[in-house]
Amino acid sequence: MKQEYIVKRFSEKSKRLIAIANAIIAEYSQQGFDLTLRQLYYQMVARDIIENTQRSYKRIGSVINDARLAGLIDWDAIVDRTRYIRRNSHWDDPADILKSASYSYLENRWVDQKYRPEVWIEKDALVGVISNVCERYDVSFFSCRGYVSQSSMREAGERFRRVIEHGQEPVVIHLADHDPSGMQMSEDNSARLSMFSTFDVEVERIALNMDQIIQYSPPPNPAKLTDSRAKTYIAKYGSNSWELDALEPSAIEDLIKETLVDLIDWDLWEATQERIDAHKKTLMNIADRYADIQDFLEQGND
């Protein structure tokens, strides 16, 4: 919703940027996505509205901030996916938690499959982009926040070792920036996962790759020369780098979906879904008859 907290006069140039921002927000909203400020910025860069510079980014941040405070941009349309409050769940009635359980009841759809995938993404700010498709296909997903810590990598290695001992093949679907560090992260994930699991673990890098850069033409950035991997990267790819944030969320979703669909045995998948649906129906029947069950139990205690 839009809500006004301050009164502010905007220049014509700022008004134009606000109008463009609202048009992009509406476009994303129709696809079921919200935006981070950085994603909004990259959409403006990709449409040749602003330059791809740190100065432009700061200016967009300032204009969007003021526009939200002035009630010109929906507060819910731009999100900060790295800061959120954590709290306990609460219920007004025991029947409500049973109904909630019936809605959320799941069995692991991958437990009988040949493969056991996980989706790993470099940036925490993009978790909101991948969460819907990962939840839809019942796949665990993980924000690497750059290079994965040694503790988290060991935990993953142990997790994949158990998957392998269960007779399945673990697959890490990795998404990262196309820059000196981002490209090397996929190799690092594979090497350390294999070390900690004591088996070869497949890491399939599905983005950001050069074919997608050619296809989608995300705006380039200069490769960081201070990165220790810059020399090797520049020799192979040139002096430009590209951020995953610059891809359309729908494109990222589609890449993950296409990868997962190819891994699924659909006969097993549908059998598991039928079992889940039957158990959900049972839980809902119990919730609907909770008062009767409670009376029965209380009578038994008399």
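This structure is a prediction, so every number in the text was calculated from the model and none was measured.

Observations regarding a nonpolar patch on the surface
There is a patch of nonpolar side chains on the surface, built from Ile 286, Ile 293, Phe 296 and Leu 297 and spanning about 380 Å² of accessible area. It is helix α12 (residues 290-301) that provides the largest number of residues to the nonpolar patch, a total of three residues. By secondary structure assignment, the location of Ile 293 is in helix α12.

Re a positive patch on the surface
On the surface, Lys 13, Arg 16, Arg 55 and Arg 59 cluster together into a positively charged patch. The set of elements that each furnish at least two residues to the positive patch consists of α1 (12-30) and α3 (54-69). For Arg 16, the position within the fold is in helix α1.

Section: the environment of Leu 175
Relative to the helices and strands, Leu 175 resides in strand β3 (residues 169-175). Leu 175 sits 162 residues away from Lys 13 along the chain, and the two C-alpha atoms are 36 Å apart. If we skip the residues at most four places from it in the chain, Leu 175 touches Val 119, Trp 120, Ile 121, Glu 122, Ile 206, Ala 207, Leu 244, Ile 252 and Ile 256.

Quick look at the sheet that holds strand β2 (residues 140-143)
A sheet is described by the order of its strands in space; here four strands give the open sequence β2-β1-β3-β4, paired in parallel fashion. Two strands close off the open sheet at either side, each with one partner strand: β2 and β4 (202-207). Pairs of neighbouring strands in the sheet enclose a mean axial angle of 25°, with direction left out of account. The sheet contact formed by strand β1 (residues 115-121) and β2 spans four bridges and is parallel. Residue pairing in the sheet places Ile 121 in a bridge with Ser 143 of β2. Strands in contact with helix α6 (residues 150-165) are β1, β2 and β3; relative to β1, the strand with the most contacts, it is inclined by about 165°.

Examining the packing of helix α4 (residues 94-104) against helix α11 (residues 266-288)
Between two packed helices, the angle of one axis relative to the other and the distance separating the axes together describe the packing. At a closest axis distance of 8 Å, the pairing of α4 and α11 adopts a crossing angle of 165°. One element, α4, and the other, α11, form an angle in the roughly antiparallel class. Of the two possible hands of crossing, α4 and α11 adopt the one that is left-handed. Between α4 and α11, the contacting residues are Ala 95, Leu 98, Lys 99, Ala 101, Ser 102 and Tyr 103 on the first element and Lys 280, Leu 283, Met 284, Ile 286, Ala 287 and Asp 288 on the second. Residues belonging to the contact of α4 with α11 are distributed by class as follows: eight nonpolar, one polar and three charged.

Calculation rules
- Residues numbered from 1 in each chain as written.
- Predicted model: local features only at pLDDT ≥ 70, side-chain atom pairs only at ≥ 80, totals over all residues.
- Heavy atoms only, no water.
- Patch = residues over 30% accessible without salt bridge, like charges linked within 9 Å, V, L, I, M, F, W, Y side chains within 5 Å.
- Areas by Shrake-Rupley, 256 points an atom, 1.4 Å probe, with all protein chains shown as cover.
- Salt bridge = Lys/Arg side-chain N within 4 Å of Asp/Glu carboxyl O.
- Helix = DSSP H or I, 4+ residues; strand = E, 2+ residues; numbered from the N terminus.
- Lys, Arg positive; Asp, Glu negative; His and termini not counted.
- Charge placed at Lys NZ, Arg CZ, Asp CG, Glu CD.
- Contact = heavy atoms within 4.5 Å.
- Pairing = 2+ DSSP bridges.
- Axes fitted to C-alpha atoms, helices over the stretch in contact; angles between N-to-C directions.
- Parallel < 35°, antiparallel > 145°, perpendicular 65-115°, else oblique.
- Left-handed = near helix turned anticlockwise from the far one by under 90°.
- Nonpolar A, V, L, I, M, F, W, Y, C, P; charged D, E, K, R; others polar.

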